[in-house]
Structures are given as structure tokens and as C-alpha cells.
Amino acid sequence: MSNQLKEFFREKQTRASQTGIDWVAKRDDWIEAVEKLFDTIDEEYLAAVKDSVQVDRTHLKSVQEPQIGEYKIAELALTVGDEQVVFSPKGVNVIGAAGRVDVRGDRGEATLVRNADRSWSLVLARTPRLQLVPLTDETFLEMLRSVMR
Amino acid sequence: MARLHLKSVLSEDEQDLNEIWEWYVLQNMLIGDEAVNTLDALLSGSASIASRYFGKTRDELDEFFAYQRSELGQVTMLILLAAAEAALRVDYIVRIIENKKDAVSKQFSEIYKLQKLEVGLDDQILEIWKENSATPEIKAAIGESRGALRLRNWLAHGRYWKPKLGREYDPQNVFELCDELLKFLGIR
């Protein structure tokens, strides 16, 4: 019995070590990817409206993920008049994508996901079928319309 | 007088406790398999996974599957208790049909003359069984089942109030108390 138990645990450990994932590198890559996304939002999508929007990227949130542990990552807050929209990274280990950022406004929430090719998409629907659209200045505007008053 | 016409009201579709339990075990296992497949997809980065899981984190998946298991447990407890109720009510009708002469059947027959099939489970069927129970074990099993009727009512009426159940229930102990009751009463 104890030998079988040892073998059972050994198989589990072998399986876990075979994933070959460098979790530290994955975490750092994720933090950098989120910074680049925020650069794109700040410097490209919002370039033409700089005087009517305040962008705050100073807040760091703590995220706890299995295998990776706790780490700090930037949030982005847009303030327009009396409204605020927060872009909050949820995690890099998510199903079917290479990371997820939640977007919260007064009206509702939206979800951005990082694709395997490092591009970003906006999730339009999960059910009955998954619908993603590439994040562009146009879809960014549509997303803000859906989450803001 | 035999009341054979009563046979026509019986559907014979009532569920057996063991069948419900086997169904529950299979559904619970399927949820477990789905959870394992989903967690494997999370770790491997696989994109070939049902869209309902897309973008979920480990914590969100754990919460999702805990909810599925919890709901399965609630449904299972309800149908176990409903099956036990069905067995008790079928037994009531069969005793009337067969015009049995034991003490319980005689009391059932008196109720039938006045109320036909509109008989109360708690205050009549179980109460008569309790009055005619020979041992403290049977009385205790009846008492446990009457307590579980509060759970059954709460589940059956949509769980909209805060229940005062007096104890913790799960599918295992609800199966055991239903099984014990019906065996003690000679209905299983």
C-alpha cells in the first residue's frame, strides 16, 4: 500500500514538473504585456482626447495565482468628468487565453484577453458561443460606451 | 370492500432511493471529470475548451465547480426526500387497496373514509407510524424524517426563507435517514 502511495505521488510530481513552465518568466512577461497594453491605450487610443481624460497608472494591485504566488501589477484608471473606468488585470493563468484584464465602469464590466500571439481581444460574449473582436481604437470606444453611463 | 380502483392512481414511476444515489454518484463524478479536464486545460494553456470557461481563473473555476456540486447536492436531497414521501404515500394507498387488518392499516382506512387521498404526510401518515412503532429506534427514525421535512419544504418551495433545520444535511445523511426509515417501516 505505502509503495503504491509513493508511486501515485511520484506520478503526480513528475506530471507537474513536466509542464516545463518558467512561472517567474511567465509572470514578468504578463506584467510587461499589461504595461504595453496600457501604453497603447494611453498613447494611441486616448492620444486625441488627452485634455478631457485623466489617466492614472500609479496604482498597483496584488494578484495571487497558483504556481506563481503573489505579485504586484499596475491598474489603469481613466477619469472623464465624474466617471471612472478601471482596467484591472485579473491574471495570466486563465482558460483559453494568455491573460485577462477586467474593465469596470458605472454601467457595467467588459473583459479584455491577451491572445497567444500577444495581441489583445475584447470578449463580446462567452455563451452560447465565444465571440472575440480584436482590440482597436474602434472596439476600445465601443467597449467604453458599454461600460460607461 | 376492496378499493381496487385506487390502483389506477398509481403511476409506478416513483424513484427508488438506490437509483437516485447511483445517479448522484455518477453526476458528481462527471462534475469531477469536467473540473479535472478544465484545470488541465488551464495548466496546459489549451484553447479547446467549452466557451463557458473562457477567461476564468483557477479561483473562479473552483467557485464554479463548488457551485455545481452544491446544486447537485441540493437537488439530490430534494429528490431523495420526495422519493421517500412517494414510498410512504404508495404504502398508504396499497394498505387501503388490500384492506389490511394491522393497526396502521386500520387507522389509514379511517383517514381514507374521511379524506381519501388528501392525507397529511407529517401529521397523519408519519404520526400514525410513530404511534404504532414498537421500538425507540423506529420512533427516532420517524423523528429524523419529520425534521428533514423542513429541508424538503425549503428546497421544494425555492429556498426563499432562512431555514431553521436544526442540523446539517448532505446527500449522504439524507439518503441514510430515508433508507433507514423505509427499512424500519418495512416499505423497502
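Procedures and definitions
- Residues numbered from 1 in each chain as written.
- Chains lettered and ligands numbered in written order.
- Predicted model: local features only at pLDDT ≥ 70, side-chain atom pairs only at ≥ 80, totals over all residues.
- Heavy atoms only, no water.
- Contact = heavy atoms within 4.5 Å.
- Buried area = accessible area lost by both parts, 1.4 Å probe.
- Salt bridge = Lys/Arg side-chain N within 4 Å of Asp/Glu carboxyl O.
- Polar contact = N/O pair within 3.5 Å; in protein donor to acceptor, adjacent residues only side chain to side chain.
- 1 Å grid on protein atoms, 1.4 Å probe; cavity = no way out; pocket = protein on both sides within 12 Å on 5 of 7 lines; lining within 4 Å.
- Points joined across faces, edges and corners; volume = space filled by probe spheres on them.
- Helix = DSSP H or I, 4+ residues; strand = E, 2+ residues; numbered from the N terminus.
- Nonpolar A, V, L, I, M, F, W, Y, C, P; charged D, E, K, R; others polar.
- Pairing = 2+ DSSP bridges.
- Axes fitted to C-alpha atoms, helices over the stretch in contact; angles between N-to-C directions.
- Parallel < 35°, antiparallel > 145°, perpendicular 65-115°, else oblique.
- pLDDT = per-residue confidence, 0-100.
- Buried < 20%, exposed > 50% of the residue type's maximum accessible area, 1.4 Å probe, protein only.

## As for the interface of chain A and chain B
In this complex, chain A contributes 20 residues to the contact, which on the side of chain B involves 18 residues. The three residues of chain A that bury the most area against chain B are Ile95(A), Gly96(A) and Arg126(A), which together make up 41% of that side's buried surface. Connecting chain A to chain B are 1 salt bridge. For Arg100(A), the salt bridge is made with Glu60(B), and the minimal N-O distance between the two is 2.6 Å. Inspection of the chain A/chain B interface yields 6 residue pairs in polar contact (both at pLDDT 80 or more).

## Focus: empty space enclosed by the protein
All names here are of chain B. The full count for this structure, using the stated rule, is 1 cavity of 30 Å³ or more. Looking at the largest cavity, its volume works out to about 90 Å³. Lining the largest cavity we find Leu81, Ala84, Glu85, Leu88, Leu121, Leu126, Ser145, Leu149, Arg152, Leu177, Cys178 and Leu181. Of all the secondary-structure elements, those providing two or more residues to the lining of the largest cavity are helix H2 (58–98), helix H4 (121–131), helix H5 (136–156) and helix H6 (171–184). Residues belonging to the lining of the largest cavity are distributed by class as follows: 9 nonpolar, 1 polar and 2 charged.

## Comments concerning the sheet that holds strand S8 (residues 120–125) of chain A
Residue and element names in this part refer to chain A. As summarised here, the arrangement of the 7 strands in space is S1-S4-S5-S6-S7-S8-S9, forming an open sheet in which the pairing is antiparallel. In this open sheet, the two strands that pair with only one neighbour each are strand S1 (54–56) and strand S9 (131–134). Each neighbouring strand pair of the sheet contributes to a mean axis angle of 25°, computed without reference to strand direction. Bridge count for strand S4 (residues 76–80) against strand S5 (residues 83–91) is 5 bridges, and the pairing is antiparallel. For Val80, the partnering residue across the bridge sits in S5 and is Glu83. Its contacts with the sheet place helix H3 (residues 137–147) against S4, S5, strand S6 (100–104), strand S7 (109–114), S8 and S9, and it is angled at close to 110° to S5.

## Digging into the packing of helix H1 (residues 17–44) of chain B against H2(B)
All names here are of chain B. Running from N to C, H1 and H2 point in directions that differ by 175°, and their axes come no closer than 10 Å. In terms of orientation, H1 lies roughly antiparallel with respect to H2. Of the residues belonging to the contact of H1 with H2, the class tally is 16 nonpolar, 7 polar and 3 charged.

## A closer look at the confidence of the model for chain B
Mean pLDDT over chain B works out to 94, with 99% of the residues at or above the 70 mark. Reported confidences for the modelled complex are a pTM of 0.84 and an ipTM of 0.80.

## Regarding the side chain of Asn173(B)
Residues and elements named next belong to chain B. On the secondary structure map, Asn173 appears in helix H6. Overall, the relative accessible area of 16% leaves Asn173 in the buried class. Setting aside anything within four residues of it in sequence, one finds Asn173 in contact with Arg167 and Glu168.

## Let's talk about the side chain of Gln124(B)
Residue and element names in this part refer to chain B. Position of Gln124 relative to the elements: it lies in helix H4. Residue Gln124 is classed as buried on the basis of its relative accessible area of 15%. A distance of 2.8 Å separates the side chain of Gln124 from the side chain of Gln115, its partner in a polar contact. If we skip the residues at most four places from it in the chain, Gln124 touches Ile111, Gln115, Glu118 and Val119.

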